[in-house]
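Coordinate analysis (summary)
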Amino acid sequence: MPLTTRSASLRKPPRIFVAALVTAALLLPLRNAMADQSAAPALTVSLVRPAERDWPETVPASGWLKPWQEAIIASETSGLRVTEILADVGSVVKKGQTLVLMSQDSVQADLRKQEAAVVTAKANLTKAKANADRARQLRSSGALSDEKIVEYFADEQTATASLASEEAALDSQKIKLDQTTVTAVDDGLITSRSAELGAVVSSGTELFRLVRQQRVEWQAEVSARYLSRISEGLSVDIDGPDGRPIQGKVRLVGPSIDTNTSRAIVYVALPQDVQPRTGLYVTGTIELRTTPALTVPETAIVFRDGINYVFTAGEDKRVRRVRVETGRRNDGEVEIVSGIDKSARVVTSGGAFLSDNDLVKTAGEG
């Protein structure tokens, strides 16, 4: 081989080496892009430090909305027919308002008869009194025997007692006449009606049921372990049936505990202007003493696999998933019992889209 040809073959690089260089040149931009992508922030987040609040300790409770007091309006007389009904379920009535009218014909006839009996008794008394007065005048003269004098005095006493008896019977008839008109025993709301037009009622027959003064209370069931810390006058927050909260006050703590459930009834008075429907089952909380609370926004809590977490950001702009124990909740915030301290920087939202050690961008950064 000539020398010149051999030298040229030595200077020419091998084909495999050239191919490797070309491949490396093509892959380098792709590797750089992947590296840039892995270093790109996963999400832009807002950070907040836990706040220190003074929150009241609360006791959870649940129970029924029931009437503060319920009045039963019943018939006080018997054997009379209902002739008119002037109220119905849902009627708001005033004390003394007429609700039912009953037939009065027989009662009025008995009343007139008794009035006549009183007139007769008065006449008999007048006659007996006159004879007794004459006997008193003639006692010393001896014109009347002692036996006759005693008789006149006895007749006067008998006539006096008879008149009193007839007048009492007349009063009874007047009361019976008044009882033909059934009235409301108090201001309130009628919740049930048993009165039927034309029915002949007996004494004690229930005609209406009334919520006195339209006052409704919450009979809340509370675990017995809290009873020693609950007293009259404590504030209560109730989740109203229409979604609006109701503020109440503890009126009475029940004196007994259910042996089956180990729960007691706490009676909570509601404001006069709040009149929810009775018979509804609602929940709420009873406020005890006020204690400090470390809080974060509820949106910062990430719930996974039955455990509460928050994401905290470090100086390297990477987030760490931290398990926390939560407590009270109030006005969109939740208490953190353990897991972080007040120096932590907590991701306020979007935690569901983050993973541990993700790189994030803080809102407001360029």
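Located above this text is the structure these notes cover.
Note that the structure is predicted; figures quoted are calculated from it, not measured. (Residues numbered from 1 in each chain as written. Predicted model: local features only at pLDDT ≥ 70, side-chain atom pairs only at ≥ 80, totals over all residues. Heavy atoms only, no water.)

Concerning the sheet that holds strand β11 (residues 206-212)
- The strand order across the open sheet formed by 4 strands is β4-β11-β9-β6, and the pairing between neighbours is antiparallel. Where the open sheet ends on each side, the last strands, each with one partner, are β4 (70-74) and β6 (92-93).
- In terms of strand pairing, strand β9 (residues 188-193) meets β11 through 5 bridges, oriented antiparallel. Bridge assignment links Arg193 to a residue of β11, and that residue is Phe208. (Pairing = 2+ DSSP bridges. Helix = DSSP H or I, 4+ residues; strand = E, 2+ residues; numbered from the N terminus.)

Looking at empty space enclosed by the protein
- A full pass over the atoms with the stated rule returns 1 cavity of 30 Å³ or more.
- Space inside the largest cavity adds up to approximately 40 Å³.
- Along the walls of the largest cavity sit Trp68, Arg215, Val216, Glu217, Arg251, Ala269 and Leu270, which together make up its complete lining.
- Here the residues of the lining of the largest cavity sort into 4 nonpolar, no polar and 3 charged. (1 Å grid on protein atoms, 1.4 Å probe; cavity = no way out; pocket = protein on both sides within 12 Å on 5 of 7 lines; lining within 4 Å. Points joined across faces, edges and corners; volume = space filled by probe spheres on them. Nonpolar A, V, L, I, M, F, W, Y, C, P; charged D, E, K, R; others polar.)

Thoughts on the packing of aromatic side chains
- What the rule picks out here adds up to 1 aromatic pair.
- When the ring of Trp64 is compared with that of Tyr281, the centres are 4.8 Å apart and the planes differ by 70°; the resulting orientation is edge-to-face. Here Tyr281 lies in strand β16 (residues 281-297) and Trp64 lies in strand β3 (residues 51-67), a separation of 217 residues in the sequence.
- Classification of Trp64 as partly exposed rests on a relative accessible area of 39%.
- Taking the ring centre of Trp68 as reference, the NZ or CZ of Arg215 above it sits at 3.9 Å. (Phe/Tyr/Trp six-rings, centres within 6.5 Å; stacked < 30°, edge-to-face > 60°. Buried < 20%, exposed > 50% of the residue type's maximum accessible area, 1.4 Å probe, protein only. Lys NZ or Arg CZ within 6 Å of the ring centre and 35° of its normal.)

Topic: the nonpolar core
- Within the largest apolar cluster, 27 residues are counted, with the highest numbers of intra-cluster contacts made by Leu99, Val100, Met102, Ile190, Leu207 and Phe208.
- Within the residue set of this core, elements represented by two or more residues are β4, β5 (80-85), β7 (98-102), α3 (105-138), α4 (146-178) and β11.
- In terms of residues, this core owes the most to one element, α3, which gives 6 residues.
- Here Leu207 is in contact with Ile73, Ala74, Ser75, Met102, Val182, Ser192, Arg193, Ser194, Ala195 and Val201, once residues within four sequence places are set aside.
- Counting residues in each nonpolar core, the second largest holds 20 residues, with Leu234, Ile238, Ile246 and Leu288 among its members. (Core = buried A, V, L, I, M, F, W, Y, C linked by side-chain atoms within 4.5 Å. Contact = heavy atoms within 4.5 Å.)

Side note on the pattern of salt bridges
- With the rule as written, the count across this model stands at 18 salt bridges.
- Between Arg136 and Glu156 there is a salt bridge, with its nearest N and O atoms 2.8 Å apart. Of the two residues, Arg136 sits in helix α3 while Glu156 sits in helix α4, which places them 20 residues apart along the sequence.
- Looking at Glu156, the relative accessible area reads 12%, which means it is buried.
- Each of Lys129, Asp133, Arg136 and Glu156 takes part in salt bridges that share partners, so that together they form one network. (Salt bridge = Lys/Arg side-chain N within 4 Å of Asp/Glu carboxyl O.)

Digging into α3
- Over its 34 residues, α3 runs 50 Å from end to end, which matches the ideal 50 Å to within 8%, given 1.5 Å per residue.
- What α3 keeps buried is the set Val107, Leu111, Gln114, Val118, Ala121, Leu125, Ala128, Asn131, Ala132 and Ala135.
- Of the surrounding secondary structure, the elements contacted by the buried residues of α3 are β5 and α4. (Expected span 1.5 Å × (residues − 1).)

Considerations on the layout of surface pockets
- Space inside the largest pocket adds up to approximately 300 Å³.
- Thr58, Asp237, Thr285, Arg329 and Asn330 are, among the 14 residues lining the largest pocket, the residues nearest its centre.
- Of all elements in the fold, only β3, β13 (235-239), β14 (245-257), β16 and β20 (325-330) reach the threshold of two or more residues within the lining of the largest pocket.
- Grouping the constituent residues of the lining of the largest pocket by class yields 4 nonpolar, 5 polar and 5 charged.

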